[in-house]
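Okay, here's what each chain looks like letter by letter:
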Amino acid sequence: MSSMFSDLGLHEAILLLPEITMLSGIVALILIPNLGDATMRIPLTRIRVPVLIGGTRFDFTSNPRLPNHVTNAVLFLAFFYAALLLNPTNLSEYSLEGGPGIGNLLVVDEFSRVFTLLFTSALLLASMATATRMPAMHDVTIPQESDSPETADSKVMALIDNRRQVDFHILLLTTGLGMSLMAMANNLFMLFVCLELASLSSYILVAFHKEVDVGGEAGMKYFIVGSVVSAVGIYGMSLLYLWNGNLDMADLAASWSAMEGIDPLAGIGVGLMIVAFAFKVGAAPFHLAVPDAYSGSSSPIAGVLATASKAMGFVALIRLLVIVTMPSSGQAVWMLAIALIAVVTMTWGNLAALTSDNPKRILAYSSVAHAGYMLAAMAAIGSGLADASTTSMILTAVVFHLLVLVLFKLGAFLVLSMLEAEGRGHRMEDLHGLAVRDPAIAVSMFVFMLSLAGVPPLSGFLSKLLMINGIVSVSAGTGPASATSVLSWAQGVDPVFWLAVAIVLNSALSLFYYLRIGLVMFFETPESDSPLKSSPSLEWPLSLRSVIMICATLTLLFGIGPMSESLLDLVSSAVDSLLSS
Amino acid sequence: MIDDPLSVITLVPLFMGLALIVLPRFLPKSSAEGLMRVSRNISMGIALAVAAITTLLFLGEWGSIDWTDITQGGYVLQNEAVNLIPSIGVTWKVGADALSFPMIWLTAILIPISMLVEWDAKRGHLFFPLLLIMEGALLGVFVALDLFVFYVFWEMTLIPMFLLILLWGGEDRRYAAMKFFIYTFTASVFMLIGILVMYFHTEAIAGLGSLSGHHFDLVAMTAQENLIPSEGLRHFVWILLLIGFATKMPSVPVHTWLPDAHVQAPTAGSMLLAGVMLKMGAYGFLRISVTVFPESTLVFVPLLIVLGMVSLVYGAWVCMGQTNLKRMVAYSSVSHMGLIFLGIATMQPLGIAGALFMMFAHGIISPLLFAVAGAFKHHYHTLEIGSMRGIAHHSPWLAAHMMLGWMASLGLPLLAGFVAEITILIAFWMTYGWLVLLPALTLIITAVYYLNSMQRTIFESNDPEKGILPESLQGEEPSDLSWHENAGMLTLAALTALFGIMPFIFWDMMSDWSSGFVVDTMIEAMQAQEWFP
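Residues numbered from 1 in each chain as written. Chains lettered and ligands numbered in written order. Predicted model: local features only at pLDDT ≥ 70, side-chain atom pairs only at ≥ 80, totals over all residues. Heavy atoms only, no water.

Caption draft 1: Inspection of the environment of Leu138(B) at higher detail. Residues and elements named next belong to chain B. As for its position among the elements, Leu138 is in helix 4 (residues 124-143). Leu138 gets classed as buried once you look at its relative accessible area, which sits at 0%. Residues Leu138 and Val263, 125 residues apart in the sequence, show an inter-C-alpha distance of 21 Å. Residues contacting Leu138, with those up to four places away along its chain left out, are Thr107, Thr157, Val276, Met277 and Met280. (Helix = DSSP H or I, 4+ residues; strand = E, 2+ residues; numbered from the N terminus. Buried < 20%, exposed > 50% of the residue type's maximum accessible area, 1.4 Å probe, protein only. Contact = heavy atoms within 4.5 Å.)

Caption draft 2: Region of the structure containing the side chain of Thr91(B). As for its placement among the helices and strands, Thr91(B) is situated in strand 2 (residues 90-92). For Thr91(B), a relative accessible area of 3% translates into the label buried.

Caption draft 3: Examining the domain arrangement of chain A more closely. Residues and elements named next belong to chain A. Its domain assignment divides chain A into domain 1 (1-137 + 168-184), domain 2 (193-325) and domain 3 (330-581). Averaged C-alpha coordinates put domain 1 and domain 2 at centres separated by 25 Å. For the pair domain 1 and domain 2, the summed buried surface comes to about 2,100 Å²; carbon and sulfur atoms form 79% of the total. Linking domain 1 with domain 2 are zero salt bridges, by the criterion used here. Linking domain 1 with domain 2 are two residue pairs in polar contact (both at pLDDT 80 or more). Looking at which element gives the most residues to the side of domain 1 that touches domain 2, the answer is helix 6 (residues 149-184), with eleven residues. (Domains from an automatic or database assignment. Buried area = accessible area lost by both parts, 1.4 Å probe. Salt bridge = Lys/Arg side-chain N within 4 Å of Asp/Glu carboxyl O. Polar contact = N/O pair within 3.5 Å; in protein donor to acceptor, adjacent residues only side chain to side chain.)

Caption draft 4: The arrangement of empty space enclosed by the protein in detail. Scanning the model with the defined rule gives five cavities of 30 Å³ or more in all. Volume-wise, the largest cavity comes out at about 210 Å³. Taken together, 19 residues make up the lining of the largest cavity; nearest its centre are Ala453(A), Gly454(A), Ser507(A), Val189(B) and Leu192(B). When residues of the lining of the largest cavity are traced back to their parent elements, those giving at least two are helix 18 (459-475) and helix 20 (497-523) of chain A together with helix 5 (147-156) and helix 7 (173-201) of chain B. (1 Å grid on protein atoms, 1.4 Å probe; cavity = no way out; pocket = protein on both sides within 12 Å on 5 of 7 lines; lining within 4 Å. Points joined across faces, edges and corners; volume = space filled by probe spheres on them.)

Caption draft 5: Inspection of the pattern of salt bridges at higher detail. Under the defined criterion, the tally for this structure stands at 13 salt bridges over all chains. The closest approach of N and O atoms between Asp438(A) and Arg545(A), which form a salt bridge, is 2.8 Å. Residue Asp438(A) is found in the loop between helix 16 (434-437) and helix 17 (439-453), and its partner Arg545(A) is found in helix 21 (residues 544-557); the two are separated by 107 residues along the sequence. A relative accessible area of 24% places Arg545(A) in the partly exposed class. The shortest N-O distance in the salt bridge between Lys179(B) and Asp260(B) comes to 2.9 Å.

Caption draft 6: Representation of the packing of aromatic side chains. All names here are of chain B. Summed over the entire model, instances satisfying the criterion amount to 49 aromatic pairs over all chains. Ring geometry for Trp105 and Phe506: centres 5.7 Å apart, planes at 70°, overall edge-to-face. Of the two residues, Trp105 sits in helix 3 (residues 101-117) while Phe506 sits in helix 21 (residues 504-529), which places them 401 residues apart along the sequence. Given the relative accessible area of 9%, Trp105 is considered buried. Relative to Phe517, the ring of Trp513 lies with its centre 5.1 Å away and its plane at 5°, an arrangement referred to as stacked. A residue pair is termed a helical-turn pair when its members lie 3 or 4 positions apart in one helix, as Trp513 and Phe517 do in helix 21 at four residues. (Phe/Tyr/Trp six-rings, centres within 6.5 Å; stacked < 30°, edge-to-face > 60°.)

Caption draft 7: The arrangement of the nonpolar core in detail. Grouped together as the largest cluster of nonpolar side chains are 405 residues, with contacts concentrated most on Phe115(A), Phe277(A), Phe150(B), Phe180(B), Met198(B), Phe216(B) and Phe506(B). For this core, the leading source of residues is helix 15 (residues 388-420) of chain A, giving 21 residues. With near-sequence residues (within four places) excluded, Phe115(A) lies in contact with Ala183(A), Ala311(A), Val315(A), Val399(A) and Leu402(A). (Core = buried A, V, L, I, M, F, W, Y, C linked by side-chain atoms within 4.5 Å.)

Caption draft 8: Spatial organisation of the packing of helix 18 (residues 416-432) of chain B against helix 19 (residues 437-459) of chain B. All names here are of chain B. Running from N to C, helix 18 and helix 19 point in directions that differ by 155°, and their axes come no closer than 9 Å. On the basis of their axis angle, the class for helix 18 and helix 19 is roughly antiparallel. Counted together, Glu421, Leu425 and Phe428 of helix 18 and Pro439, Ala440 and Leu443 of helix 19 form the full contact between these two elements. Grouping the constituent residues of the contact of helix 18 with helix 19 by class yields five nonpolar, no polar and one charged. (Axes fitted to C-alpha atoms, helices over the stretch in contact; angles between N-to-C directions. Parallel < 35°, antiparallel > 145°, perpendicular 65-115°, else oblique. Nonpolar A, V, L, I, M, F, W, Y, C, P; charged D, E, K, R; others polar.)

Caption draft 9: The packing of helix 13 (residues 301-320) of chain B against helix 14 (residues 325-345) of chain B, seen in detail. All names here are of chain B. Close contact between helix 13 and helix 14 brings their axes to 7 Å; oriented N to C, the two are set at 155°. Relative to helix 14, the element helix 13 is oriented roughly antiparallel. In this structure, the crossing between helix 13 and helix 14 has a hand that is left-handed. Looking at the contact of helix 13 with helix 14, its residues break down into 18 nonpolar, six polar and no charged. (Left-handed = near helix turned anticlockwise from the far one by under 90°.)

Caption draft 10: Spotlight on helix 4 of chain B. Its 20 residues place the ends of helix 4 of chain B 28 Å apart at the C-alpha level, agreeing with the 28 Å of an ideal helix rising 1.5 Å per residue. Counting buried positions along helix 4 of chain B yields 18 of 20 residues, so the element is predominantly enclosed. (Expected span 1.5 Å × (residues − 1).)

Caption draft 11: Structural view of a positive patch on the surface. All names here are of chain B. Together, Lys122, Arg123, Arg173 and Arg174 line one region of the surface with positive charge. Tracing the chain through its elements places Arg173 in helix 7. Look at Arg173 and you get partly exposed, because its relative accessible area is 32%. (Patch = residues over 30% accessible without salt bridge, like charges linked within 9 Å, V, L, I, M, F, W, Y side chains within 5 Å. Areas by Shrake-Rupley, 256 points an atom, 1.4 Å probe, with all protein chains shown as cover. Lys, Arg positive; Asp, Glu negative; His and termini not counted. Charge placed at Lys NZ, Arg CZ, Asp CG, Glu CD.)

Caption draft 12: The interface of chain B and chain A, seen in detail. With 30 residues of chain B at the interface, the matching set in chain A holds 33 residues. Where chain B abuts chain A, roughly 2,800 Å² becomes buried across the two surfaces, and 81% of that area is made up of carbon and sulfur atoms. Put simply, chain B and chain A have zero salt bridges between them. The tally of links from chain B across to chain A stands at five residue pairs in polar contact (both at pLDDT 80 or more). Those elements that provide at least two residues to the side of chain B that touches chain A are strand 1 (82-85), helix 5, helix 6 (158-168), helix 7 and helix 9 (231-248) of chain B. Each residue belonging to the side of chain B that touches chain A can be placed in one class, and the counts come to 23 nonpolar, five polar and two charged.

Here you go:
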C-alpha cells in the first residue's frame, strides 16, 4: 500500500486535474466564507498583520450566493479539464509508461473521463438551478439583546439558511468527487469507497430539501435502504475477497475466467454486488425508495439522482459484469437475472408512471423504466451471442444514453424546479397551461418528454435505436431463416430477441404519460395567469431559463447532425478504451 | 442556378418560418415590431418564390427535365446524399418522381393561395410563418428518400397544424386539436415500428450505418431483393404501415379526427389539411407499402377494397345527414380518399394513375371547398346549411365559387375531379367487373348531397328580394368576398378548370410512372402469386 502513492508526480496530478479541482473547490468552500478583516498585532509593535480568518467578513465573503458561484466555477473547470483530458493524445502524453494507471487503484482513460464529463455537467446544471431554490439573504445581522424573540428567531433562521449554502455546495462537490473517482476505480474496494462517498453525500442532499414536509422522510428512507443495500454489497465483496484474495479487477477477471463451473463464494459474491448496484441504477425490485427520494428532494437533486447517480451505478455494473465476469465465450451466469430484472424494471416503471399524478413521481418512474432499457441492452451483451464489435456498440449505446439523459431528464427536472420555486410542481395541475405562462419553457419541456419517449430525431431516439439495434443484431440471426410464418420464426429465435420487443412495447406504453405531460401544458387552463418567474437567478449571464432552453436545443443537436456523430465517436472510442484494457 | 432545388425549397421555408417566429423575441423592441409588421409579406414572398421555382422545374426551364420519362425507382433532381447520422445510416437524400412531383407542386401552389385567402388573419406575425414551417415540413415529406427524414418531417407537419387549430380555431378547438394530435401521433408510432423492422432487415452499404450496420435509405431498401424474407413478418409490417397511412388519409374506421379538426381549423389550416396533409397518407402508402412490399399488397387487395368501399359509401352516406358545411366537405374528403384505395386496388396502370390524379385533383378542389366554407363562416357567421337561402342574391362571387367547387367535387366533366373518378371507375371495371356498380352508384349519393345543399343554400329563396338570412347575422346585410379571398379562390377555380380540360399536363407522367410501376414491380409479384383478378 505504501508504494501506491509514492510515484504520484506532476503527470498524475495533471491526469487527476478534474478531481484536484473539485478537492480544492471543497477546501475553498470551507475557507472563503470565513475570510474577514481580522488582524494580529505583532507583539511589542504597533504593526497589525491581517490574518484573514475571523473578524468582520468582507463584502464578497459575506455574500450568501458565494458558495454557489464557487461551485459553479469549480464544476465548470472540472468539466473543462475532463474534456481536455478526453483527447487521447493528451491522455497518453501524461500517462506513465506502464499505462494510464495511477497506483493500481485508479485508471485514467477515456471511459472514465467521459463519465467525469457526465457527472460534472449534471452537477453543474443542478448547482445552477439551486441558486434560486435555497433561501439566502444578504446583510443578515447577529440578533441583539434588544430584539424581540420573533426578530431574533428570524435572524437566526436567516443565518442558518446562509450557513446551509456552504454545506449544500460542499456536499455537491463531494458527490462529484466520489463519482468521478469511482469511474476511474480499477479495484472493487476503491470502487466501493468512492461509491459510498458519493452516496452518503447524496443521502444528505436528498434530506436537505426542507421546503416540503416529506423531505426529511425521503432522505431518511433513502439513507436506510441505501445503507442496507451497501452492506449487502460489501458482504458480497468480502466473499469475493475470500475467494480471490484480492479485489483488483484484472486479477478477479483472470480468476473468474480460469474458474471451472461457478464457485459458490464467487457466484454469491457477484450476485450480492449486483443487488447493490441495481439499487443505485434504480432497477426493480430494488427501486422502491427511488420515487419517494425523488419526489421528496428538490428537483435539481432529483435530477442528479436520475442522471449522475444512475450513471454511477451503471459504471459499476459495466465494470462488474462486462469486465470481471464476462466469459470469453458463451452465456454469462448473470444474463438471465439481468434480463429478468430489465423486463420487470421497465414494465413496472412504466405502469407506475402511468397511474401517477405527481410529475416528479412520473419522472422518477420513467427513470426506473430507462434503467430497464439499459439493463436489457446489458443482458444482450451477457447472452454470449455478441461479438466484440456488437458488444462495443451496445456499450456505446448505453453510455450515450446515460450522457444525453443529463440533457433531457435533468432538463425536465429543472423545469419542475422552476415551478417549485413558486411553491408548486408536485401535482399535475401545476403544469397546466404552462404554454400560456411561458411558451419557451413549455416547448422545452415538450422536447424533453418526446426525447424521453424516444421520438426521432431527438437524442433519446438515437440512443434507444442503438440499444434495440444491438439486441436485435445479436439475436435476430438465431431465428430459423427458413421459417415462413412469424410464429415459427418466433419459436426458433433466441429469447434475447424478446428484450427488444419489450423495449418497443414499453416505449409505446410510456408515450401515454409523456404525452400527457406535454398535452396538459398546452390544453389545460392554468391556475394562475402570471408568467413563470423568469428569475435572473444567477448573477451571471445564464439564467435558469436559458439553461433549460440550451438543454432542449442540445437534446435535438445530439440527436441528428454532426454533433451527435462526434459525441457518438467520442463515446465509442471511450468504450473501446475500456474494452481493450 | 441552384444545384439542389429540392433541398432549397424544403429547408428555406422551414428555417425562414422559424426565424420569423423566434427572431422578434431576441431583437430590440423597435426592430422586432418592424419585423413582425413585414413578416406577412416576407412569408408570402418566400412562398411565391418556392411556387415559382417548382413551376419552373416542371416546365423544364430549370434543369430541363423530361418528366414523362421517369420510371418507378428513377428519381430526378437527386442531390448528393449528405450524412446526417452516419453511425445509424441516416442521410439527407432528396429526389422527385412522377409520384411525388405533383404533390410538391401542389404544396408549393397551395401555400401562397391559402395565405392569400387568410390575408387578414389575426396575429399574422405568427400565422404566416407557421404556414411557411408547414410548407417546409410538407415538402420534406414528399422529397425525402430516407425513411428517418421522412418520419421526422411526417411528425413535424403535426406541430404547425396543431398550433393552427389550437390558436386560430373555433370554439371547440382544444378538443379538436387534441384529438387530431393523439390520433395521428399514435398511428405514426405504429408506422415507426414498421419502419424500424424494415430498418433492421437492411443490409449494410458502404459508409452508411458504421455503428448499427443498417440504414434508412429508401432507394436501397426498395432495391434490396426480398427485404423481409419472412412472409408473416412482411405482412405484419405492411399492416403496421397501413395503420399509420390510413389514419392520415383518413380511411374508415380511423377517420373520426378529420371532421372535428376541419370544423375547428382556420380556413388556411383546413385548406392545407384537406389539400396536402391527407395526401401524405396515400403518398406514403404508395411510396413505401406498395413499392417495397408488392407481394403483401397483392395479398391484402381485398382489405384495400373493403376499406376503400366502406370509406367511399359511408363518407358519402354521412354527408347526406350533415347540416354543417365544413363537416359535410370533410366527410366528402373521406369518401374521395376511399376512391384512392380502390384505384390502387385495381393493380392496373390506369387505376393507379387515376389514384395519383385523384390525389392531385382532390388537392385543388377540396381547398376551394374549404376556402368557400371559411368565407361563408366569415361573411355569414354560421356554417349551418339550412339556416339561409339564396346567397346567390347577396354574395354572387361566393355563390359562384361554391357552385364550381361542388360541381368539381361531384365529378362534373371538364373539371379536374371527373378525370380521376372516371379513370378509377374504368380501371375498377376492367379488374373487378360489375363490382364497379357500388362505387359508381355512390357517385349518385355524392350528387344528391351536393345538389341538395346547393339548392337549399345558393338558390332557393322564399322571398325573391332577399332570400332568408341566418339569425347569426342579426339583420345585417352580408358582404360578398373580399378581394384577397376572391383572388385565392379564382386561382383555385382556374386550376380546377385547367386540369379538367387539359389533364394531360400531369396525366402523362402519372400514367407512364404507373405503367412502369406495374411492369417493374407488380408483375413479378403477380406471377409469383398467380394473382389474376
